[in-house]
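# Coordinate inspection notes
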Protein chains: 2
Amino acid sequence: MYGRTYYCGEMTENAIGESVNLKGWVQRRRDLGGLIFIDLRDRTGVVQIVFNPEVSKEALETAETIRNEFVIDVKGEVVKRDESTFNPKIKTGTIEVIASEVAIINKAKTPPFMIEDRTDAAEDIRLKYRYLDLRRPEMFEVFKMRHDVTKTIRNYLDENGFLDIETPMLTKSTPEGARDYLVPSRVHPGEFYALPQSPQLFKQLLMVSGFDKYYQIARCFRDEDLRADRQPEFTQVDIETSFMDQKEIMDMTEKMMVKVMKDVKGLDVSEPFPVMTYDEAMARFGSDKPDTRFEMELQDVSEIVKDSNFKVFSGAVESGGQVKAIVVKQAAEKYSRKDIDALGEFAAIYGAKGLAWMKVEEDGIKGPIAKFFDEEEVKQLTTVLQAEAGDLILYVADKKNVVADSLNALRLKLGKELGLIDESKFNFLWVVDWPLLEYDEEEGRFTAAHHPFTMPVREDVKYLETNPGRVRAQAYDLVLNGYELGGGSLRIFERDVQEKMFKALGFSEEEAREKFGFLLEAFDYGTPPHGGIALGLDRMVMVLAGRSSLRDTIAFPKTASASDLLMKAPDEVDSKQLKELHLKIGK
Amino acid sequence: MYGRTYYCGEMTENAIGESVNLKGWVQRRRDLGGLIFIDLRDRTGVVQIVFNPEVSKEALETAETIRNEFVIDVKGEVVKRDESTFNPKIKTGTIEVIASEVAIINKAKTPPFMIEDRTDAAEDIRLKYRYLDLRRPEMFEVFKMRHDVTKTIRNYLDENGFLDIETPMLTKSTPEGARDYLVPSRVHPGEFYALPQSPQLFKQLLMVSGFDKYYQIARCFRDEDLRADRQPEFTQVDIETSFMDQKEIMDMTEKMMVKVMKDVKGLDVSEPFPVMTYDEAMARFGSDKPDTRFEMELQDVSEIVKDSNFKVFSGAVESGGQVKAIVVKQAAEKYSRKDIDALGEFAAIYGAKGLAWMKVEEDGIKGPIAKFFDEEEVKQLTTVLQAEAGDLILYVADKKNVVADSLNALRLKLGKELGLIDESKFNFLWVVDWPLLEYDEEEGRFTAAHHPFTMPVREDVKYLETNPGRVRAQAYDLVLNGYELGGGSLRIFERDVQEKMFKALGFSEEEAREKFGFLLEAFDYGTPPHGGIALGLDRMVMVLAGRSSLRDTIAFPKTASASDLLMKAPDEVDSKQLKELHLKIGK
């Protein structure tokens, strides 16, 4: 019984009068007045099938045995429905198929949860029965969108001369970056491959090969403790070019994203995208990936309050910290003292020792700290902050990074809570002029802010040895609605600069040679200037699909403990397998 | 100095008179009559740059310091060459660029081998300096072709409703098939992921999800001892559909390959492709992937010689074996007795205990075994074999599989040696009606000829328990020029059939449940009929590009001992890493 003539959801009134053959899943069955109605579902949608004893008694009898999620094969004729029974909720709501034949292809037990978009099934059940979870139409839509996104990206890059080149998955463990997943070698006892955290070094080597324009939609791996928005394996759109400067690479990336937005979302996004320096982003938003869909920016009031009687403020400035504020417009009445206490507890998660606040009224400011400020200070504060009667002002006084982290978190929380975010907006933003290196307190050394192959700004190279924290990177991150879509940089292509970089990272010459000798050597044989970018595909799809979890954009995702609940991975293996790999389990 | 105006190899006479900016590698430098000529190379080809002191003394002076493989940036004017200096060997041979400025972007040491297509560099040197090996234009062409092949495949599948869905790399070790690469889990001590040998189970689960049409160009892994045409990681075009029968899947695959041949090779391949049963392929070619570009088929003469005086022949038939022959047309004079002895040694590699032969002459047959055959037998043999004067007949008498293996190997060897193969031909062939199971002598049980999820021919299901060797599979392999491009099958989609299959493979109920319980359970929730195919991309590109090694189609391949000579992987890792993974090295 092969020969499907239509997908269920793709039939229109044009098919009226046709004999059709449909195959799909039973969404639901209703018995009414001697007739049986079945909503038949496939990936395109649902159509109503009618079993009428006057058309086929046999088909009706079979239909009586049919339950939800049975796979059936139906032949019948398409007719227009009575207008009174039109169903505007489905695309095919004005037609139905009068069944002349039906065959049950496969039966189904009652699923552990209903196959419908608004499911309240627990996530671990959904993951265990992922094949049922993926039957929900909204899940299919995400993967259709993911397909469309990669198609647009591939076509764009192909048209622009980029070649899709695959790089190895079994590669070498590198000392920088996140923790590697290791793969023991059977042939070389005691040795290991590592799964790639990114194809970074391979794409740079392809530039040394003169491939000029490379891309790959590449699987990458990081064995890190997982947060809600991380997965042990993830996919990035990985791009590298030779002989292009930062602006050219940013332009090329922008045009690609404009095309994605047009093809996938039907939206016209204007370019060039806004560009903000890292310092500005941190100052205005306390974040290196600001959500610019709403205001409520961070404002520095340190200068105004540095001599105030409120010791929390003046003390913070005195000890090298900051006092910054956000103004929550017309929110004074919405937030009780208790609500504000809760905000303070929230800010504490990000290290803030306290959350000071004022409510602005027609005749001055109110709140427990109001008494510490004289009229002049109040006037300066409200003027600088452009605060008006009815506004709530929140302050954090602390070390620079605590102020940034906590006010950024508060800003995002309040933006959502107060409905300040226009969810239909897609705000792209470039963040540039990153620091090349960050001081890692724990390790007591500088680490690469992006990765060790990022090109310093030319005039800052001289500080690599004397003042590494001051060196800026030729790096650029692309931000969309407060999510980091990805980042890129120009790369070091000269051996001496790369050696200085390794030194700044605290590598001995021997370590550098041992781990990256092949790269240093490659620089000796005619390496072109090159750079690129990597965009997180899972996250891009998540934002475009309006989802809040990466797990909704990955067909078979892992849990927070990196488990596959469906197949049960990881799992124990035969001792024979371990023996072949020269491995024992234990400390 | 950014702003390249042309790729070197893409300039034509249309550019004459233009000021251009080129960037690339110095292929070679010649000094002649006070001028310097540089062949500048990028991925598109080469163009000649002329340094003339009358145009720029400074540029000439810089050019004097330039060596092979330097990366340079040139500005100049495009002129037509003197007709006497046209170079027909390069696309740009009628023009040259008169340099007004030049900058050395990066210097280069003398490479360990010349960057040119006909290299005699040892392969381990080429792999160690892969980034230089890939500079050779013929290597770039292979990867350009690979890009074009995948582009065509993706577009074709997209147009036909297939969705590109990614499946996990960190998955579960399965008992059937080749040896898995394992990945130790840090979070779950003593447990392991496995890298996928194929996305088989995931793509089947996507069919259970109703995704209907899936594809993925998927990386797969097998930890096997490597032969020349194997790599530990390889790429397959992985396809699965629901509600299509074998013929529909074969048709769809054919049309895809026809498009690849047209788009990539410019060739019109006619369809439908020829179809041959497994039994016929084995009988006529001794191979399940016959190269049909030439004849010299295997012919069974067991019936004719079963009572002959030549005991090697009659004895082989008597003990249940076969006698088969190939006729090497007009080769009697080309092969001396010594040559034929060498062929016998070659056949011995494939298990043949001897190679019997006859030379056909006008007045009968010659050769050491001629005397054993009477006139009638000779007449029958030459008639059946259609052997004429001048032909050489080679016989192997042995067990069926030895006859097949050795005569297949001889046929291929002689076909190449005698130039019988038309290298411009691309002969596709379907091999169908495979056995479902093969008896594994070593393991003393049946194993799956394709994989344990292959659907038996319906009427053979009843033999699964009584006579497993007799069960045919609904499976199909696609062969091109004697290479297996890939194989597919309809899949089992009913729990009871799958359980019978596991039983035939010798799994206990508990083993089946433990390893594949999720699949058996999925079958309970409405699984559609489904099937698909997987084509080896590396091999496809190898055949289309006319290369003989898979290593030429993979950007960063591994050696026969699964090593990456460039990055030195696998390698030792820090003891800290092993500790985190709860592992110790040792027996």
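In the annotation of an unreviewed UniProt entry, chain A is listed under the name Aspartate--tRNA ligase and assigned to Siminovitchia fortis. Note on chain A: under the UniProt heading Catalytic activity (unreviewed entry), the record states "tRNA(Asp) + L-aspartate + ATP = L-aspartyl-tRNA(Asp) + AMP + diphosphate". Under the UniProt heading Subunit (unreviewed entry), the entry covering chain A gives this text: "Homodimer."

### As for the sheet that holds strand β2 (residues 35-42) of chain B
All names here are of chain B. Strands sit in the order β1-β2-β3-β5-β4 around a closed barrel of five strands; the barrel is mixed. The mean angle between the axes of side-by-side strands here comes to 55 degrees, regardless of whether they run parallel or antiparallel. Relative to the sheet, helix α1 (residues 57-64) contacts β1 (19-32), β2, β3 (45-51) and β5 (95-106), its axis offset from that of β5 by approximately 60 degrees.

### What about the sheet that holds strand β6 (residues 163-164) of chain A?
All names here are of chain A. Within the open sheet, the eight strands sit side by side as β6-β9-β10-β22-β21-β20-β17-β11. Their pairing is mixed. Whereas interior strands pair on both sides, the edge strands pair on one side only; in this sheet they are β6 and β11 (275-277). Where β11 meets strand β17 (residues 428-432), three bridges bridge the pair, whose relative direction is parallel. Its bridge partner lying in β17, M276 is registered against V431. Packing against the sheet, helix α5 (residues 200-208) makes contact with β9 (213-221), β10 (233-242) and β22 (530-536), and its axis sits at approximately 20 degrees to β10. Lying on the sheet, helix α6 (residues 246-265) is in contact with β10, β11, β17, β20 (475-480), β21 (483-490) and β22; it crosses β17 at an angle near 160 degrees.

### Overview of the pattern of salt bridges
Taken as a whole and judged by the stated rule, the model has 109 salt bridges over all chains. For the salt bridge of A:K151 with B:D158, the shortest nitrogen-to-oxygen distance reads 3.2 Å. Of this pair, A:K151 sits in helix α4 (residues 137-159) while B:D158 is found in helix α4 (residues 137-159), placing the two residues in two different chains. The exposure class assigned to A:K151 is partly exposed, which follows from its relative accessible area of 29%.

### A closer look at a negative patch on the surface
There is a patch of like negative charges on the surface, built from A:E58, A:E61, A:E64 and A:E101. Position of A:E101 relative to the elements: it lies in strand β5 (residues 95-106).

### Some points on the UniProt feature "binding site: L-aspartate" (unreviewed entry) in chain A
Residue and element names in this part refer to chain A. UniProt records the feature "binding site: L-aspartate" (unreviewed entry) at E176, R222, H450 and R491, using the numbering of this structure. Note on placement: E176 falls in the loop between β6 and β7 (182-184). Look past the residues within four positions of E176 in its chain and what remains in contact with it is Q197, R445, A448, P452, L505 and F507. Within the secondary structure, R222 sits in the loop between β9 and β10. Of the residues examined, R222 reaches a relative accessible area of 32% and is grouped as partly exposed.

### Observations regarding the UniProt feature "binding site: ATP" (unreviewed entry) in chain A
Residues and elements named next belong to chain A. Mapped onto the present numbering, the UniProt feature "binding site: ATP" (unreviewed entry) falls at R222, D223, E224, Q231, E484, G536, L537, D538 and R539. Ignoring anything within four residues of it in the chain, the contact list for E484 reads K289, D477, L478 and R539. Along the chain, the position of G536 falls in strand β22. In this structure G536 touches T235, Q236, L485 and G486, once residues within four positions along its chain are discounted.

### Observations regarding the interface of chain A and chain B
In this assembly, 126 residues from chain A lie in contact with 126 residues from chain B. Buried area between chain A and chain B, summed over both chains or domains, comes out near 11400 Å², and the portion from carbon and sulfur atoms is 59%. Remark: the boundary between chain A and chain B carries 18 salt bridges. On the surface where chain A and chain B come into contact, there are 73 residue pairs in polar contact (both at pLDDT 80 or more). For the side of chain A that touches chain B, the leading source of residues is α4(A), giving ten residues.

### A closer look at the packing of aromatic side chains
This model, assessed by the stated rule, comprises 44 aromatic pairs over all chains. With centroids separated by 5.2 Å and ring planes inclined at 85 degrees, the aromatic side chains of A:F140 and B:F211 adopt a geometry described as edge-to-face. In this pair, A:F140 is assigned in helix α4 and B:F211 in the loop between α5 (200-208) and β9 (213-221), connecting two distinct chains. According to the relative accessible area criterion, A:F140 is buried, its value standing at 7%. Judged by relative accessible area, which is 0%, B:F211 ranks as buried. Measuring from centroid to centroid gives 5.8 Å for B:F313 and B:F373, while their planes differ by 50 degrees, and the two rings are tilted. Linking B:F313 in helix α9 (residues 311-318) with B:F373 in the loop between β15 (364-366) and α11 (375-385), this pair joins segments that are 60 residues apart in sequence. For B:F313, a relative accessible area of 0% translates into the label buried. Its relative accessible area of 8% is what places B:F373 among the buried residues. Among the aromatic residues, those joined into a ring-pair cluster are A:F310, A:F313, A:F372, A:F373 and A:Y395. Above the face of the A:F294 ring, A:R411 is positioned so that its terminal group lies 4.0 Å from the ring centre.

### Things to note about the packing of helix α14 (residues 495-504) of chain A against helix α15 (residues 509-522) of chain A
All names here are of chain A. Packing of α14 against α15 leaves a shortest axis separation of 11 Å and a crossing angle of 160 degrees. With respect to α15, the element α14 is oriented roughly antiparallel. Between α14 and α15 the crossing geometry is right-handed. Note on element contacts: α15 touches α14 through A512, F516, L519, L520 and E521, opposite R495, Q498, E499 and F502.

### Focus on the pairing of strand β4 (residues 71-80) of chain B
Residues and elements named next belong to chain B. Sheet analysis places β1 next to β4, joined by seven bridges and oriented antiparallel. Bridged to G24 within β4 is I72. Note that β4 and β5 share ten bridges and pair antiparallel. What sits directly across from I72, in β5, is I104.

### Concerning the relation of the copies chain A and chain B
Here chain A sits on chain B after a turn of 180 degrees about the axis and a move of 0.0 Å along it, with an RMSD of 0.0 Å. The symmetry that links the two subunits is that of a two-fold axis. Mapped onto chain B, 100% of the interface residues of chain A are again interface residues, and the two copies thus contact each other with one and the same surface.

### Quick look at helix α7 (residues 278-285) of chain A
Residues and elements named next belong to chain A. For α7, the set of buried residues is Y278, A281 and F285. Buried residues along α7 cover an arc of 70 degrees about the axis, so they all sit on one side. Where α7 is buried, its residues meet β11, α12 (400-417) and β17. Of the residues trailing α7, G286 is marked for its positive phi of about 65 degrees.

### A closer look at the side chain of B:Q216
Inspection of the secondary structure assignment puts B:Q216 in strand β9. Reaching out from B:Q216, the side chain makes a polar contact with the backbone oxygen of B:I165 at a distance of 3.4 Å. A distance of 2.8 Å separates a polar atom in the side chain of B:Q216 from a polar atom in the side chain of B:Y214. When residues no more than four places from it in sequence are discounted, the contact partners of B:Q216 are A:R219, B:D164, B:I165, B:E166, B:T167, B:P199, B:Q236, B:V237 and B:D238.

What counts as what
- Residues numbered from 1 in each chain as written.
- Chains lettered and ligands numbered in written order.
- Predicted model: local features only at pLDDT ≥ 70, side-chain atom pairs only at ≥ 80, totals over all residues.
- Heavy atoms only, no water.
- UniProt positions renumbered as here; feature names shortened; annotations may be inferred.
- Pairing = 2+ DSSP bridges.
- Helix = DSSP H or I, 4+ residues; strand = E, 2+ residues; numbered from the N terminus.
- Axes fitted to C-alpha atoms, helices over the stretch in contact; angles between N-to-C directions.
- Contact = heavy atoms within 4.5 Å.
- Salt bridge = Lys/Arg side-chain N within 4 Å of Asp/Glu carboxyl O.
- Buried < 20%, exposed > 50% of the residue type's maximum accessible area, 1.4 Å probe, protein only.
- Patch = residues over 30% accessible without salt bridge, like charges linked within 9 Å, V, L, I, M, F, W, Y side chains within 5 Å.
- Areas by Shrake-Rupley, 256 points an atom, 1.4 Å probe, with all protein chains shown as cover.
- Lys, Arg positive; Asp, Glu negative; His and termini not counted.
- Charge placed at Lys NZ, Arg CZ, Asp CG, Glu CD.
- Buried area = accessible area lost by both parts, 1.4 Å probe.
- Polar contact = N/O pair within 3.5 Å; in protein donor to acceptor, adjacent residues only side chain to side chain.
- Phe/Tyr/Trp six-rings, centres within 6.5 Å; stacked < 30°, edge-to-face > 60°.
- Lys NZ or Arg CZ within 6 Å of the ring centre and 35° of its normal.
- Parallel < 35°, antiparallel > 145°, perpendicular 65-115°, else oblique.
- Left-handed = near helix turned anticlockwise from the far one by under 90°.
- Least-squares fit on C-alpha atoms with pLDDT ≥ 70 in both.
- Arc of directions from axis to C-beta.

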